[in-house]
Amino acid sequence: MAAIMETSMSNMLQFMKLIGQLKRVPRTGWVYRNVKQPESVSDHMYRMAMMSLTITDPSVDKDRCIKLALVHDMAECIVGDIAPSDNISKAEKHRREEEAMRHLSGLLPDGLKQEVYALWEEYETQSSPEARLVKQFDLLEMILQAHEYEELEGAPGRLQEFFDSTNGRFHHPDVLQFVKCLNEERRSPNTKETKPSGNSQTAGADSAPSNSTTQDS
């Protein structure tokens, strides 16, 4: 029994070390756009988890949204942050991430192993209202971060392509209201006039252009 517990804790240590790598994996889209000190994947997932925590919609399972946010990019601690412009097909990206998730979840005790893998799969297949909402948080966090980088650099509009890639992809009323508020701030007298971001329900596509450097996980 002691040997089993020792093995289990050793696996948990390896799991936590791998997860810790997410703090050192920069978000590829920002790297390709020469953003100074780009955020990590861990940074991105943390604010998504906070978005999940603060959602006011009683029809969604808030705790499940938080879990989905914390798990959805977990595989990137092994495969890295693959961007559309890396010319890796969606099928190959999924294969690599699935393999990584099987390895990661395999380090966890039974029960937790199944839960973590199932959460990742739920997000990948967008098979629940919570998964679809967290996907919108993924995009919302991206454009909020883009706005912050533009402010930090004093370069309004420089990262407009990230906003453009979200057109037509926001649907939840709370998210749409947040995007409206963000757009209004971007158009404030202190910033250069920029195009609205993510509000059009007709102009968008299901994914960013293949030559895009935008984040789309």
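The rules behind each value
- Residues numbered from 1 in each chain as written.
- Predicted model: local features only at pLDDT ≥ 70, side-chain atom pairs only at ≥ 80, totals over all residues.
- Heavy atoms only, no water.
- Buried < 20%, exposed > 50% of the residue type's maximum accessible area, 1.4 Å probe, protein only.
- Helix = DSSP H or I, 4+ residues; strand = E, 2+ residues; numbered from the N terminus.
- Salt bridge = Lys/Arg side-chain N within 4 Å of Asp/Glu carboxyl O.
- Polar contact = N/O pair within 3.5 Å; in protein donor to acceptor, adjacent residues only side chain to side chain.
- Phe/Tyr/Trp six-rings, centres within 6.5 Å; stacked < 30°, edge-to-face > 60°.

Peer 1: Explanation requested: unusual backbone geometry in the structure shown.
Peer 2: Most of the time, phi is negative for any residue but glycine, and the peptide bond is trans. Unusually for a residue other than glycine, N34 sits at a positive phi of about 55 degrees. On the basis of relative accessibility, which here comes to 63%, the residue N34 falls in the exposed class. In the Ramachandran plot, N87 falls in the positive-phi region, its phi being about 60 degrees despite a non-glycine side chain. By the secondary structure assignment, N87 is in the loop between α5 (76-79) and α6 (90-106).

Peer 1: Would you take a moment to explain the pattern of salt bridges for this structure?
Peer 2: Proximity of charged atoms lets side chains of opposite charge pair with each other. Summed over all chains, the structure comprises 14 salt bridges. The salt bridge involving E161 is made with R33; its shortest N-O contact spans 2.6 Å. Of this pair, E161 sits in helix α9 (residues 160-164) while R33 sits in the loop between α2 (28-32) and α3 (41-54), and the two are 128 residues apart along the sequence. Looking at E161, the relative accessible area reads 25%, which means it is partly exposed. Assessed through its relative accessible area of 27%, R33 is described here as partly exposed. Between E148 and R47 there is a salt bridge, with its nearest N and O atoms 3.0 Å apart. Taken as a pair, E148 in helix α8 (residues 129-153) and R47 in helix α3 lie far apart in primary sequence, 101 residues in all.

Peer 1: I would appreciate a short explanation of helix α4 (residues 62-71) in the present structure.
Peer 2: Quick reminder: α-helices carry 3.6 residues per turn. Residues three or four places apart thus point the same way. Every buried residue of α4 is listed here: C65, I66, L68, A69 and V71. N-capping of α4 is provided by D61, with a side-chain oxygen placed 3.2 Å from the backbone N of D63.

Peer 1: Would you mind going over the packing of aromatic side chains with me for this structure?
Peer 2: Aromatic rings considered in pairs are described by the distance between their centres and by the relative angle of their planes. Scanning all chains against the criterion turns up 3 aromatic pairs. Consider the rings of W30 and Y149, whose centres lie 5.1 Å apart with planes at 75 degrees: the pair is edge-to-face. Highlighted residues: W30 in helix α2 and Y149 in helix α8, separated in sequence by 119 residues. The same class applies to W30 as to Y149, namely buried. Both rings, one in W30 and one in F162, keep their centres 4.5 Å apart while their planes meet at 35 degrees; by these two values the pair is tilted. Of this pair, W30 sits in helix α2 while F162 sits in helix α9, and the two are 132 residues apart along the sequence. Each member of the pair, W30 as well as F162, carries the same accessibility label: buried. Taken together, the ring pairs in this structure connect W30, Y149 and F162 into an aromatic cluster.

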